[in-house]
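Reading the structure
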Amino acid sequence: MSSVKQNIKKITKMRLFFPIFCMILVLLINLIKSSAFFKVAVNNGVLYGRLIDIINRGSEIAILAVGQTLVVAVSAGTDISVGSVMSLAACGCCTMLAGYGVNSATSLAMPMIAGMIGGILLGGLCGAFNGVLVANLKIQPMVATLILYTAARAVGLVLCNNQITYIRYEPYKYLGNFIPGVPIPTAIFITAAVIAVITIFLRKTSLGLYIQSVGVNARASNISGINSKLICFVCYLICGLCAGIAGIVASSRIYSADSNNIGLNFELDSILAVALGGNSLAGGKFSMAGSIIGAYTIQAITTTLLAMGVSTDQAPVVKAIIVILIVAIQAPALRAWMEGRAARKLAAEKAAGQAHAGKEAV
Amino acid sequence: MERKKSLKGSMNGNTVLIFITVALFIAMYAAGCIIYSDKGFSHFQTFLNLLITNAGLICVTCGMTIVMLTGGIDISVGSLIAMDCMILSFGMSMKGLPCIPLIIFVLVIGLVFGLVQGFLVGYLQIQPFIVTMSGLFFARGMTAVICTKQISITKKDSPLFYSWANAKINLPAFLGYKNSRGKTLVPFIRPTVIIALIVVVLVFIMLKYTKFGRTLYAVGGNEVSASMMGLNVKRTKLMAYVMSSFLCSIGAICYCLNTMSGSVQQALGFEMNAIASSVIGGTLLTGGVGNVIGSLFGVFINGTIRTLVTTNGKLLSSWANIATAALLCFFIVLQSIFAYVKDRRKA
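From a predicted model like this one, the values you see are computed outputs, not experimental measurements. (Residues numbered from 1 in each chain as written. Chains lettered and ligands numbered in written order. Predicted model: local features only at pLDDT ≥ 70, side-chain atom pairs only at ≥ 80, totals over all residues.)

A closer look at the overall build of chain A
Quick reminder of the rule: Here a helix means four or more residues in a row that DSSP labels H or I, a strand means two or more in a row labelled E, and each is numbered from the N terminus. Exposure classes come from backbone-placed C-beta atoms, where a residue is buried if 20 or more other C-beta atoms lie within 10 Å of its own, exposed if 12 or fewer do, and partly exposed in between. By the criterion used throughout, residues are in contact when their C-beta atoms, derived from the backbone, lie within 7 Å.
Across its full length, chain A carries 15 helices and five strands. Expressed as lengths along the three principal axes of its C-alpha atoms, the size of chain A is roughly 100 × 55 × 40 Å. The buried share of chain A, reckoned over its 362 residues, is 48%. Put simply, 78% of the contacts in chain A that link residues at least 6 apart link residues at least 24 apart.

Section: the overall build of chain B
Here is the rule we go by: Our radius of gyration is a C-alpha quantity, and the globule rule it is checked against amounts to 2.2 Å times the number of residues to the power 0.38.
A count of helices and strands for chain B gives 15 helices and six strands. Taken against the 2.2 N^0.38 rule, which gives 20 Å for 347 residues, the C-alpha radius of gyration of chain B at 21 Å falls within 12% of a compact globule. Burial status across chain B gives 50% buried among its 347 residues.

Digging into the sheet that holds strand S3 (residues 104-105) of chain A
Residue and element names in this part refer to chain A. To keep things clear, this is the line we draw: Pairing between two strands requires that DSSP report at least two bridges joining them.
Read across the sheet, three strands follow the order S3-S4-S5 without closing on themselves; strand pairing throughout is mixed. Two strands in the sheet have a free side with no partner beyond their single neighbour: S3 and strand S5 (256-257). Bridge analysis of S3 against strand S4 (residues 165-167) gives two bridges, and the strand direction is parallel. Paired with Ala 105 across the two strands is Ile 167, which belongs to S4.

Quick notes on the interface of chain B and chain A
We apply this condition: Charged residues are taken to be Asp, Glu, Lys and Arg, nonpolar residues to be Ala, Val, Leu, Ile, Met, Phe, Trp, Tyr, Cys and Pro, and polar residues to be all remaining types, Gly included.
Contacts between the two partners involve 35 residues from chain B, matched on the other side by 36 residues from chain A. Broken down by element, the residue count for the side of chain B that touches chain A peaks at 11 residues, all from helix H7 (residues 128-146) of chain B. A class-by-class count of the residues in the side of chain B that touches chain A yields 25 nonpolar, nine polar and one charged.

A closer look at helix H12 (residues 266-276) of chain A
The buried fraction of H12(A) amounts to 11 of the 11 residues, a majority that puts the element mostly inside the structure. By the burial criterion, the buried members of H12(A) are Phe266(A), Glu267(A), Leu268(A), Asp269(A), Ser270(A), Ile271(A), Leu272(A), Ala273(A), Val274(A), Ala275(A) and Leu276(A). In the core, the buried residues of H12(A) are packed alongside helix H2 (17-33), helix H4 (59-75), helix H5 (82-98), helix H13 (288-307) and helix H14 (315-330) of chain A together with H7 of chain B. Once H12(A) finishes, Gly278(A) follows within two positions and takes phi at roughly 85°, a positive value.

Digging into the nonpolar core
To be explicit about the condition: Under the definition applied here, buried Ala, Val, Leu, Ile, Met, Phe, Trp, Tyr and Cys residues are grouped into a nonpolar core through C-beta atoms within 7 Å.
Formed by 209 residues in total, the largest nonpolar core has its most connected members in Met86(A), Ala89(A), Ala90(A), Cys235(A), Cys242(A), Ile245(A) and Ile81(B). Among the elements that line this core, the one with the most residues is helix H11 (residues 228-253) of chain A, at 17 residues. Those residues in contact with Ala89(A) that sit more than four places away from it in its chain are Gly119(A), Ile120(A), Leu122(A), Gly123(A), Ala243(A), Gly244(A), Gly247(A) and Ile248(A).

Structural notes on the packing of helix H7 (residues 141-159) of chain A against helix H15 (residues 318-346) of chain B
The condition is simple: Here, axes are lines fitted to C-alpha atoms. For helices the fit covers the stretch in contact, and angles between N-to-C directions go from 0 to 180 degrees. Note on angle classes: values under 35 degrees are labelled roughly parallel, values over 145 roughly antiparallel, values of 65 to 115 roughly perpendicular, and the remainder oblique. By definition, turning the near helix anticlockwise from the far helix through less than a right angle yields a left-handed crossing, and turning it clockwise yields a right-handed one.
At a minimum axis separation of 8 Å, H7(A) and H15(B) run at an interaxial angle of 155°. Taken together, the axis directions place H7(A) and H15(B) in an arrangement best described as roughly antiparallel. Pair H7(A) / H15(B) crosses with left-handed handedness. Here H7(A) contributes Val143(A), Ile147(A), Thr150(A), Ala151(A), Ala154(A), Val155(A), Leu157(A) and Val158(A) to the contact with H15(B), which in turn contributes Ser318(B), Trp319(B), Asn321(B), Ile322(B), Ala325(B), Leu328(B), Cys329(B) and Ile332(B). Residue classes in the contact of H7(A) with H15(B) are distributed as 13 nonpolar, three polar and no charged.

Focus on the packing of helix H5 (residues 77-94) of chain B against helix H12 (residues 233-259) of chain B
Residues and elements named next belong to chain B. Relative to each other, H5 and H12 sit at 55°, their axes nearing to 9 Å. Classed by the angle they form, the pair H5 and H12 counts as oblique. When you trace H5 past H12, the crossing you get is right-handed. Contacts between H5 and H12 pair Val 77, Leu 80, Ile 81, Asp 84, Cys 85, Leu 88 and Ser 89 from the former with Ser 245, Cys 248, Ser 249, Gly 251, Ala 252, Tyr 255 and Cys 256 from the latter.

Side note on the confidence of the model for chain B
Residue and element names in this part refer to chain B. The line we're drawing: Looking at any residue, its pLDDT shows the predictor's confidence there, from 0 to 100.
Averaged over every residue, the pLDDT of chain B is 87; the share at 70 or more is 94%. Per-residue pLDDT stays below 50 along residues 1-10; that stretch engages in one contact with residues further than four places along the chain or on separate chains. In the predicted assembly, ipTM is 0.82 and pTM is 0.87.

Next comes the structure, spelled out in structure tokens:
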């Protein structure tokens, strides 16, 4: 009996328990609602199904979650500019490819790869800007990123001359849709590649360890010989690059740069992914796998909400409540209160037991 | 020698920040008067229009300053305005409800919203940014839940509300000027300006002369020592967020009187304007320093940028956002440098 209890306790104490539990919960709700949820079919030579849709659409959130996890871990603050940076990267890429002020381009002004890399670098530039403000000037992360949260979208509008720039060039659509002859959506490959590169980077170098160390105590790490500022800067830079990649994928899906709508509300989604992944928003230790599972869970929630007839404008209500619930559960104050209550209960029981024993002795 | 020392003592970093703000406002306004003199920028009415269009922002910035004094931040204000405006316009246009109960309802919503946020920040000690960011998305989503269309309030829906929105309060005639046809135009303000100015005065008095106001500064300056002094830090934080959301609701009513409409995309990025105004006005992001008079000048600078961009006519409206963000960045960096210098001097 007690061994079962212990085993359950062991499982619930595991790091990935919370994200996997949430994921299974969401999938179960979907399964109960419609039995066709897990069906995967091949249609016109490409994979088709709700599950594939979730994995495909969740790509941007997963890519953002990779960067966001590092930022949260290193600085105990979140980068709220990721959504706007996505839109800026998309606008930059489309403007470079189509030329300034061109509304719709069928032929490109420069090689497609160059434009895309330009867009990603633009994201990296934004990340570097945030990084300098946070690491070198010691400004609270959220205030520093608030600047680009507003400005990046506005700069994107200026780059696009206040219009939606369309790239009507077939290969540009490959990234967000399908490469002819490949049944799996391209975005999944890109996500896998980003995750693989970052994981190798964290595992093969000591960067991952350094990030956790700086996140736990920046001063102590600095004294023990880690360049805290540089580590912090690198994390923001990676986050910006990730936002750039996500922006290019999002732009490729609709083969245009819609500054007002690309990456809208994605900052919330990426932070939610990190929180759902069991990572503490107070920084320190992190689990990349948890964040990625969290990202797909968010997409599953979004898809479920949309299927239930909730509009994209209304969906944030539910997500905001989930964020607050997760963070409230994590809150040290609440935990201390709960532990205090348990301790009081135990003490009361003990006192009652003693009183009882005392009575018996008499 | 003695006098020089005291002068140096009074000219610390924060006074310098406010001095820069006022100088910047005067410089910008003067530049506007010179560049756009043909477009009537130099008339007194332009300045009054600045007050009229930014009445809502002034109320919201006062609330933001209170929260920032405690070392927190409230980025839910823009969405809360959208939600309040939607409630007002939806209630009046679609449901035909009278405006006074609706206004009271909106104010109550502000209080409840602030209570929830304040509880989460003060008592559960969650980061203010996470709490208010959830509030931001929650309120924006609720706006869409109420109605996804753009609703305008017309005279038919609520004659009382309409008459408030269009009421002109004339200033003394000697401040007027003659237009090209020789007719004297008397400068005027709207009732929203009076609401905003009353809010500024009340908040100024509260911060300077009441126990609660001084507690706000103490909590923002050093939370630990404030709590050691026996001040109730948790309750103070809770009250700060309640006040912010309540003032934001008052601001929303002013905003709605100006725009006479409600939509999901309304007041997008308004939190940025409020935070920028507060920071430009000399409120430190770390808390403990700042006052509403500085914030008022922050709003003026913010409004002047917008007026300059719209007066030009050729520039995209997003340039105003970029300029505000750049100015915010400049002042944040300036604050950071002052803090660094202060630390060095101590060491």
